[in-house]
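Letter by letter, the chains look like this.
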Amino acid sequence: MDAPHPSSHPKSQKKSRKNQNPEVNFQVALNSLSRTRDLPGAIALYEEAVGSQGVRFNQHHINALLYICSNSVADPSLKESALDYGFRVYEHMESCKVAPNEATVTAVARLAAARGDGDYAFRLVREMGERGIAPRLRTYDPALYCFCRMLEADKAYEVEEHMRRVGLSLEEPELSALLRVSAETGREERVYEYMHKLRDCVGHVSEETAKLIESWFCEEKAVDVGDENYDLSHLKDVVLRNGGGFHGLGWIGKGKWEVRRGNVNANGVCSCCGEQLACVDINDMETENFASSIAALALERETKENFSEFQDWLEKHADYEAIVDGANVGLYQQNFADGGFSVPQLDAVVKELYGRSKGKWPLVVLHNKRLKGLMQSSPHKQLLQEWVDKGVLYTTPSGSNDDWYWLYAAVRLRCLLLTNDEMRDHIFELLGSKFFSKWKERHQVRYTFVKGGPVLIMPLSFSPVIQESEKGSWHVPVKDDSNEEIVRTWVCITRPSICKSSNRVLASKKSPEGSNNFHNDHKLLNSCKPETTTKDSDTLGSIGCSQDCGNNTNTMTRKRKERSSSPSPVASSS
Ligand SMILES: [Zn+2]
């Protein structure tokens, strides 16, 4: 809670206290008790203040008192007096006509929930909304958790609905509580719904949530959920249409679930069931919107004509597979004081990308000031001129921020973006973090140099998020301290009764490299049909990626379908 904790030095307190009014003295004493969460001390102070009648209570006083009370309810020896005094203080507040704020309501709602009175806690939040005070997630939590704990599922759903209406997004603790109450009261459809809400909002789940999910699937009730009449090929189509990773059509099949824990290897294959996990990408519509919003922001901030010109140029040269943040590579591990820019380093990266995409040049975006400088002094003038001639290089005009250019190009062309820039600057903050981080996860290529040679670190070939497959199985990644995806623990939940039959059906429909590749392919090709792919390099679309376990670096393994009408790159420079 946001109780005030102003720092106060005992000596200066003593010195100034004589001149202070009773309200200030009361506040100072209260702050000190609030820091130590001293309930008996606070009660004595409050009694004294009420008795002396010299203190006119204000919102700060009340909130500090309520803070101490609501923090004491967890201690059994203090609970009763905390509740007793907490509600007395709140009544006192109302009688003094002191207006509550969000912190007040949160504290009182916590007291109500501790008393097992979720209805009261919920009413408080609704009333504050009517008074025009904006509730927060924490304001609803006491009512929500109280209903969940008391197994009053419908009331808990009502709280969730109210939260949604005021525009609050639930997080893992809230969704977990709702999943639990749904599981414990046997609401199978709700369990399904919260599995999806978790999938949508949480990457890795906590150990606690993982155990909760496991226990649901091990329950007797879970054996019966689902429909035996399912159309596997339809399910597969829906999964693809959704961008991979889920169908959302309900529990599939019947019978016992098999719940195991394992890992997912670098190629995205589950060690328990052998299923290939998907790359969950942002879909076409989202990508379009994302590109438009970058363009809109860039046009606001950059010289309009320059950026529009770039947009037009890009429409005519839309055949790139990778965009390179030229400055980021050229300045990597260089001595900034000397203004060092390594053309050979950039050259090595360009060649690496060219080789991996079987003869497609990447697009390097570089500021024209930089190019001018290099053209005057660098021994690599000829190489630079070649890049310009081949359309490998786009130079951004004077006064521009090249960040907008390379980011827009990568999003617009659904390309890989090679940069070590974490993209956390203020300009990227404008783009919204959740969506942007999902995009980066799928499109950003990081790099390093080992003995002068570039080592590209490709995006993961699968998404470490909760996944539901067309076979109705679930894979749930569990949070841990490691950032290494291949050592992460996953909960693998399958239904043996449908896995056998589904393998037969899906084999007849399967694209050669599994469903997840569709997204890599279709991103770059816009409208690639997965069924048309046959085998390997000559026909399969796009730069895709997979990890090479041997040296623990990722390598591009898939190539792009050659376009019959691809325009040849031409020079560009402003
Ligand atoms: Zn599995």
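First things first, this report covers the structure right here in the doc. (Residues numbered from 1 in each chain as written. Predicted model: local features only at pLDDT ≥ 70, side-chain atom pairs only at ≥ 80, totals over all residues. Heavy atoms only, no water.)

### Considerations on the coordination of the zinc ion
Then, in step 1: At 2.1 to 2.3 Å from the zinc ion lie its protein donor atoms, namely C270 (SG), C273 (SG), H475 (NE2) and C492 (SG).
Then, in step 2: In primary sequence terms, the donor set of the zinc ion follows C-x2-C-x201-H-x16-C. With C270 in the loop between strand 1 (258-262) and helix 15 (284-301) and C492 in strand 10 (residues 490-494), the pair connects residues that are 222 residues apart, well separated along the chain. Exposure class is identical for C270 and C492. Each is buried. (Donors = N, O, S within 2.8 Å, 3.2 Å for Na, K, Ca; no water. Helix = DSSP H or I, 4+ residues; strand = E, 2+ residues; numbered from the N terminus. Buried < 20%, exposed > 50% of the residue type's maximum accessible area, 1.4 Å probe, protein only.)

### Looking at the sheet that holds strand 1
Then, in step 1: Read across the sheet, 4 strands follow the order 1-10-9-8 without closing on themselves; strand pairing throughout is antiparallel. In the strand order of this sheet, the two ends are held by strand 1 and strand 8 (467-468), each with one partner.
Then, in step 2: One ladder, built from 2 bridges, connects strand 8 with strand 9 (residues 474-477); its direction is antiparallel. Its bridge partner lying in strand 9, E468 is registered against W474.
Then, in step 3: Its contacts with the sheet place helix 12 (residues 207-218) against strand 1, strand 9 and strand 10, and it is angled at close to 150 degrees to strand 1. (Pairing = 2+ DSSP bridges. Contact = heavy atoms within 4.5 Å. Axes fitted to C-alpha atoms, helices over the stretch in contact; angles between N-to-C directions.)

### Details of the sheet that holds strand 2 (residues 322-325)
Two strands in a sheet stick together by hydrogen bonds in their backbones, pointing the same way (parallel) or opposite ways (antiparallel).
Then, in step 1: The mixed open sheet is built from 6 strands, whose spatial order is 4-3-2-5-6-7. Of all the strands in the sheet, just strand 4 (393-396) and strand 7 (453-457) have a single pairing partner and so form its edges. Between one strand axis and the next, the sheet turns through 30 degrees on average, direction left out of account.
Then, in step 2: The sheet contact formed by strand 3 (residues 363-367) and strand 4 spans 4 bridges and is parallel. Note that in strand 4 the partner of H367 across the bridge is T396.
Then, in step 3: Lying over the sheet, helix 19 (residues 368-377) contacts strand 3 and strand 4, oriented at roughly 90 degrees with respect to strand 3.

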